[in-house]
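A look at the structure
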Amino acid sequence: MIVDCHTHANNYHDEAVDDLTGCVEKLLREMRRNRVDAALVLTSYKVTPGRPSTRAVVEATRAHPNLFVVAGLSWATFREQDLEEIRPAVEEGRVKGLKIYPGYEPFLPNDARLAPAMVFAREHSLPVMIHSGDTYTATGRLKYSHPLHVDEIAVDHPDVSFVICHIGNPWIRDTMEVVYKNANVYTDFSGLVLGDFEDRFESYMRAQVQEMLLYGVQPEKCLYGTDWPIASMESYLDFMEELKMPPRDRRLMMSENAIRLFKLPIELPVIGARPFGRL
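Below is a short write-up of the structure. (Residues numbered from 1 in each chain as written. Predicted model: local features only at pLDDT ≥ 70, side-chain atom pairs only at ≥ 80, totals over all residues. Heavy atoms only, no water.)

Right, let's talk about helix H7 (residues 199-216) for a bit. Between its terminal C-alpha atoms H7 stretches 25 Å, which fits the 26 Å expected from 18 residues at 1.5 Å a residue. When we look at burial in H7, the residues that qualify are Glu202, Met205, Val209, Gln210, Met212, Leu213 and Gly216. If you follow the buried residues of H7, they end up packed against helix H6 (172-181), strand E8 (222-223), helix H8 (233-242) and helix H9 (247-261). (Helix = DSSP H or I, 4+ residues; strand = E, 2+ residues; numbered from the N terminus. Expected span 1.5 Å × (residues − 1). Buried < 20%, exposed > 50% of the residue type's maximum accessible area, 1.4 Å probe, protein only. Contact = heavy atoms within 4.5 Å.)

Here we take up the sheet that holds strand E6 (residues 162-164). The strand order across the open sheet built from eight strands is E1-E2-E3-E4-E5-E6-E7-E8, with neighbouring strands paired in parallel fashion. The outermost strands of the open sheet, each flanked by one partner alone, are strand E1 (3-8) and E8. Sheet topology note: the strand E4 (residues 95-100)/strand E5 (residues 128-130) ladder contains three bridges and is parallel. Residue pairing for E5: Leu98 is matched across the bridge by Val128. (Pairing = 2+ DSSP bridges.)

In this section: the nonpolar core. In a soluble, globular protein the nonpolar side chains are often hidden away together inside. Within the largest apolar cluster, 69 residues are counted, with the highest numbers of intra-cluster contacts made by Leu98, Val128, Phe162, Phe189, Val209, Met212 and Leu213. Of the residues forming this core, the biggest block, six residues, is contributed by helix H1 (residues 20-33). Apart from the residues lying within four places of it in its own chain, the contact partners of Phe162 are Met118, Val128, Ile130, Val150, Ile153, Ala154, His157, Asn184, Val185 and Tyr186. (Core = buried A, V, L, I, M, F, W, Y, C linked by side-chain atoms within 4.5 Å.)

Following Asn169, the chain continues to Pro170 via a peptide bond in cis, the omega torsion being 15°. Following Trp228, the chain continues into Pro229 via a peptide bond in cis, with omega recorded as 10°. Topologically, Pro229 is positioned in the loop between E8 and H8. Phi at His166 takes a positive value of approximately 65°, unusual for a residue other than glycine. Here His166 is to be found in the loop between E6 and H6. By relative accessible area, His166 is classed as buried at 6%. One non-glycine residue, Lys263, lies in the positive phi region at around 55°.

For the coordinates displayed, the defined rule picks out 16 salt bridges. Two residues, Arg51 and Glu15, come together in a salt bridge whose shortest N-O distance is 2.9 Å. Of the two residues, Arg51 is situated in the loop between strand E2 (38-42) and helix H2 (54-61) and Glu15 in the loop between E1 and H1; the sequence distance between them amounts to 36 residues. Judged by its relative accessible area of 9%, Arg51 falls in the buried class. In this structure Glu15 comes out as partly exposed when scored by relative accessible area, which is 25%. (Salt bridge = Lys/Arg side-chain N within 4 Å of Asp/Glu carboxyl O.)

Quick look at the structure:
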């Protein structure tokens, strides 16, 4: 089973053009082609014709029981009313997490403006995904997206689970430490490449991820994600296939961790007698 915890329904080719239906159809087609069983669709920190709102994505994916939504929040325009607007979709089980975008917007993850969102996440057992590492556009500000900043919000909110997106690339070792130190912090492998992996970069990145899995991070703390359509599903699956790990660890990362962390309605056996995460 494969769960892609990090996809989008944005029209990155032309943000001025609304193509939500087409993006969802392309996502489902790519999932079928690559035998991906379920996916989380992350909405953006901004709303444009090509970057649909959380409400629009919820409606566009409602007929597809294998698609779930993670609600993007904007630090710049955040109001507590934003949380009330997504509450019905949270209670319905369509929205399974929140996403914030430090680096794309100039704020640190523990900024007080977003404190109500952390309370909301705790009340509804929603993981909070945090953009970390490099930004897709040159206008991003990297000092805000360093994964070490996640340590502070994790300590401030020990009853909320956080996901460092993109393994904080290129600061992978810093991500390793933050995940190792904090029981409520996880990481995903998404967005390591634009399009397909090239041979030299794939070899380099595979060594970095392999080191992380061998020495720094328990497999229970890692989630498979691609950042589709920015990254290719097929290329990502080839990349993951080349990583050396026991079958149990592969199952955890490719599906079971995401199912448990985001409380997806997919039945799986309990891992021994140990609790999963903090919630």
